[in-house]
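# Descriptive analysis of the structure
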Amino acid sequence: MALEQLSDVVQRCQAIQDDNYTTEDYSVFQIAGRSCIEDGESAQVLSIVVDEENKNIVRCMGWNLLGPLVQILLKKEENNLPHCLAILTHLLEVCSPKELLVGLLEQVEEAHPDSIAETVILLLQPLQKVLLRLGGRKASSVGMALSTLLGQVARLPVPQTKEQEEDDVFSLCRCCSALLVFVRPFVEEAKQCRTPMPKKDELRTELLKLVCVCVCCHPSSMKSLCEPLLEVQLKDPETLAESPLRNFATEILGILSDIGESLPDLLSHSLLRRREVPGFLEEEVCYPKESLASLAYLLFVQHIAMDTFPTVFSSVFVLQCNMEYINLFLSRTEESRLQKGLDLYEKSLVRVEDNSLPVQLMELKSFFSVPQNLVKVMTLCPIQHLRIKGLQVLQLSIDKFDTEAKYKFFQCMLKTSHHAGVEGYIIKNIKNQIDFALKPEKGNEWFMGAHLFPLLRQVLCLPQGPETDLLQNLDRVMESLNLLRYLLIRDKAWKNQTGIWTELYKIEDNYLKPLRTGLNMSKAHYEAELQNTKDNSKKTNAKESQTQESVCSLTVGNEKMPNMTPEMQLQVLHSALHTFDMMESVLARIEEIIEVKEKP
C-alpha cells in the first residue's frame, strides 16, 4: 500500500513543471517513503530515488526521508542496511545542502539518550559532506552544526577511572575522536583564510569563533568540544600510556595553533585587554573564561603543547595571567574544578622564586579573590584531600610573597577569613616571620618595631571581648598566646627589638585581662554544667538517661549538635575544661614572664 502511494505521487510529480509541488505532494511522499523504509522495502525506495526521471522530485523532497533512514542505520538491520546507506549517499549528493543540514541536525537533536554517541558518530560524516557542499557560505552553518553536536556530546558521562577510559564505556572517547576528524577540513580551510580579502576574513573570523572557540571554549549558548576536559582528570602517561582524552586535548591545542591562535595571546587576553594593547585580538572573538582556564590547566599542569609556549615570559607574568583562571576554578564546588584550580595555582607558584612577589600584586582583584576562595576550599569542602591540598597551596603562596607583601597578606587574611583555624594558621606564619626578622642580619621593618604593632593589634584581640566563645576560637586564641609568649621570651625587655615591651600595657588591658575574665567565666559555666550532669545522672536510671534531653549544647558553624547521652555530655564537658586549662597554662606563663621582666 505505502509503496503504491509512493509510486503514484512520484509519477504525478514527474509531470509538474518548475518544481511546483503541493503541500499534499510533500506530505504523501514523506509518509509513504517512511512507511516503505520501515516496512523493509528500502530496495524499492532506492530504485525510485536513483531514477534519473525523479531527480528533481528527490532534490526537493528527499531530505524528508532522513528520519527513517537514520533509525534503520542505527538498528543495523542487515537486510536493509546496504539499501539505506545507498539512499542516504544519494540524498547527500542530490538534495539541497541547507535542507539536508536542517534534517540531519534534527536527527542529532532528537537522538534517544541511549543512542547519543551512535547517532553523533553516524551523522558526522554526512554532516561534514553537506557543509563542504556549501562552499564559501558555510561559516554560520558550521557553527550551527557544532552547537548541536557538542550539546549532545556534553550529555555523555565522563570516564572517571583508567579502566573506563581504556574501555570507552560511555563512547565519549570515540565521539571526541570523530569530532576532531569532522572539524579537520574546516580547520584546513581556516589556515588558508589568513588574507585581507573581506569574504575570506569573514570566514576566518567565523571559523575562529566556531572552531577555535567551540574547540577550546564553553560559550553559554552551546556546549563545548572541550567540555569533557573540564570534567575529567587526565591520566598521565605513566598511568595510561595511550589516553584517548589526553590525545584529544593535544589535538585541541594543535588546532588552535593551526588556525592562527597564539597560546600566549589567549591566556593573557584579559590581562592585556585591561592594559589596552592596540590591535589585540581585533577579530572580536569572544573567549569565555572557563574555557581559557581549561586551556591554562592543559598547558601548565598537563604540559600539553608546552613546547609551543615561549619561554620569554616571566614566571610572575604567567602567574598573573593564571590567577583569574585559578579564581574561576576555586569559586566552583565540583571536585574536578577545585582540583584543577589547586593544581594550576600550585604549578604557577612553583615557577616563582621564593620571597619575590611584590606588594603591588596585592592591589589586583584576583590576588584578593583567590585566597578568599582558597579559604572556602580549606574550610567548607567536604573532600579531605582537597582541604589538605588547599592548605599546602596557601603556604606555598605565602612563601612566594616578599616581606611587605606577606605583611599585607596577613592583615587581609586576619580581616576577611572569619575562621578561627585559618586565623590561627596565619598567626603561626606571623610568628615565623618575626622569628626570621630577629635573626642576625635578617631584620626587616615590617615584622619589627612600628609596623608590627598594627598587625599585633589584629592578632591579640577577642572578637566579642570577654564573651568570646573560646572553644570556637580555640585555634586563634592558642596561636595568639603562643606568639605573645614567644615574643616575651625571645625579645628581652632590655633589647625590645620588636617593641613588644613598649606596647605591653596596651596588650594587657585590651587582650590579657579580657581573656582572663573570659576564661574564668567559661570555666565556671562548664564546671557548673559538669556538676549538674553528674547530679542528674545519679538521679535517673539507665533507661531514662538514654532519653534525657541534653543539658549541654555545642555550636559548630552556627548549628547546634544533636542531643547527647549523659556519658557523652560528661566527655564533652571534660574536654572543654581541659582546653581551658591549656589556655590558662599559657596565659599564666605569659603573666609570669611579664611579672619577672628578665634583665641583663
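Per an unreviewed UniProt entry, the chain is named Glomulin, FKBP associated protein a, and its organism is Hucho hucho.

When its secondary structure is counted, the chain shows 28 helices and two strands. Counting all 600 residues of the chain, 51% fall into the buried class. Taking contacts inside the chain between residues at least 6 apart in sequence as the whole, the part at least 24 apart equals 73%. For the chain, the exposed area adds up to about 28900 Å²; of that, 50% sits on carbon and sulfur atoms.

What follows deals with the pattern of salt bridges. Scanning the entire structure with this criterion turns up 21 salt bridges. Here Glu-38 ties to Arg-34 by a salt bridge, and the two come within 3.7 Å at their closest N and O atoms. Taken as a pair, Glu-38 and Arg-34 lie in helix α2 (residues 23–38) at a separation of four residues, close to a single helical turn. Looking at Arg-34, the relative accessible area reads 30%, which means it is partly exposed. Arg-184 is the salt-bridge partner of Glu-188, the closest N and O atoms lying 3.5 Å from each other. Of this pair, Glu-188 and Arg-184 both sit in helix α11 (residues 172–191), four residues apart, roughly one helical turn. Ionic contacts of the salt-bridge type, sharing partners, join the residues Arg-516, Lys-523, Asp-581, Glu-584 and Glu-591 into one network.

For helix α22 (residues 403–416), with 14 residues, the first-to-last C-alpha span of 20 Å sits near the 20 Å given by 1.5 Å per residue. Looking at α22, one finds that the buried residues are Ala-405, Lys-406, Tyr-407, Phe-409, Phe-410, Gln-411, Cys-412, Met-413 and Leu-414. On its buried face, α22 is in contact with α20 (365–380), α21 (384–400), α23 (420–437), α24 (452–459) and α25 (474–490). Immediately downstream of α22, the backbone of His-418 shows phi near 55°, a positive value.

What follows is about the packing of aromatic side chains. Per the stated rule, a full pass over the model turns up 11 aromatic pairs. Centre to centre, the rings of Tyr-407 and Phe-447 are 5.9 Å apart; their planes meet at 75°, and the pair counts as edge-to-face. Placement of Tyr-407 in helix α22 and of Phe-447 in the loop between α23 and α24 is noted, with a sequence separation of 40 residues between them. In this structure Phe-447 comes out as buried when scored by relative accessible area, which is 0%. Over the face of the ring belonging to Tyr-297 we find Lys-340, whose NZ or CZ atom lies 4.9 Å from the ring centre. The ring of Tyr-486 has Lys-431 lying over it, and the distance from NZ or CZ to the ring centre is 4.9 Å.

A word on unusual backbone geometry. Despite not being glycine, Asp-168 shows a phi value in the positive range, around 50°. Assignment of secondary structure puts Asp-168 in the loop between α10 (162–167) and α11.

To continue, consider helix α3 (residues 42–50). Buried within α3 are the following residues: Ser-42, Val-45, Leu-46, Ile-48 and Val-49. For α3, the buried positions fall inside an angular range of 165° around the axis, keeping them on one side.

Helix α26 (residues 504–539) packs onto α25 with a crossing angle of 145° between their chain directions and a minimal axis gap of 13 Å. Crossing geometry of α25 relative to α26 is assigned as left-handed. The residues of α26 that touch α25, namely those facing Val-477, Ser-480, Leu-481, Leu-484 and Leu-488, are Leu-504, Ile-507, Tyr-511, Leu-512 and Leu-515. Grouping the constituent residues of the contact of α25 with α26 by class yields nine nonpolar, one polar and no charged.

So, about the side chain of Gln-152. Within the secondary structure, Gln-152 sits in helix α9 (residues 139–153). Residue classification places Gln-152 among the buried residues on the basis of a relative accessible area of 7%. Side chain to side chain, Gln-152 and Arg-155 meet in a polar contact 2.9 Å long. Excluding its chain neighbours within four sequence positions, the residues that come into contact with Gln-152 are Val-108, Glu-109, Ala-111, Ile-116 and Val-120.

In contact at an axis separation of 10 Å, helix α8 (residues 116–133) and α11 are set at 5° when each is read in the N-to-C sense. With respect to α11, the axis of α8 lies roughly parallel. When α8 is examined against α11, the residues Ala-117, Glu-118, Val-120, Ile-121, Leu-124, Leu-127, Gln-128, Leu-131 and Leu-132 are found in contact with a partner set consisting of Arg-174, Cys-175, Ala-178, Leu-179, Val-181, Phe-182, Pro-185 and Phe-186. Among the residues making up the contact of α8 with α11, the classes are represented as 14 nonpolar, one polar and two charged.

Definitions and limits used
Residues numbered from 1 in each chain as written. Predicted model: local features only at pLDDT ≥ 70, side-chain atom pairs only at ≥ 80, totals over all residues. Heavy atoms only, no water. Helix = DSSP H or I, 4+ residues; strand = E, 2+ residues; numbered from the N terminus. Buried < 20%, exposed > 50% of the residue type's maximum accessible area, 1.4 Å probe, protein only. Contact = heavy atoms within 4.5 Å. Areas by Shrake-Rupley, 256 points an atom, 1.4 Å probe, with all protein chains shown as cover. Salt bridge = Lys/Arg side-chain N within 4 Å of Asp/Glu carboxyl O. Expected span 1.5 Å × (residues − 1). Phe/Tyr/Trp six-rings, centres within 6.5 Å; stacked < 30°, edge-to-face > 60°. Lys NZ or Arg CZ within 6 Å of the ring centre and 35° of its normal. Arc of directions from axis to C-beta. Axes fitted to C-alpha atoms, helices over the stretch in contact; angles between N-to-C directions. Left-handed = near helix turned anticlockwise from the far one by under 90°. Nonpolar A, V, L, I, M, F, W, Y, C, P; charged D, E, K, R; others polar. Polar contact = N/O pair within 3.5 Å; in protein donor to acceptor, adjacent residues only side chain to side chain. Parallel < 35°, antiparallel > 145°, perpendicular 65-115°, else oblique.

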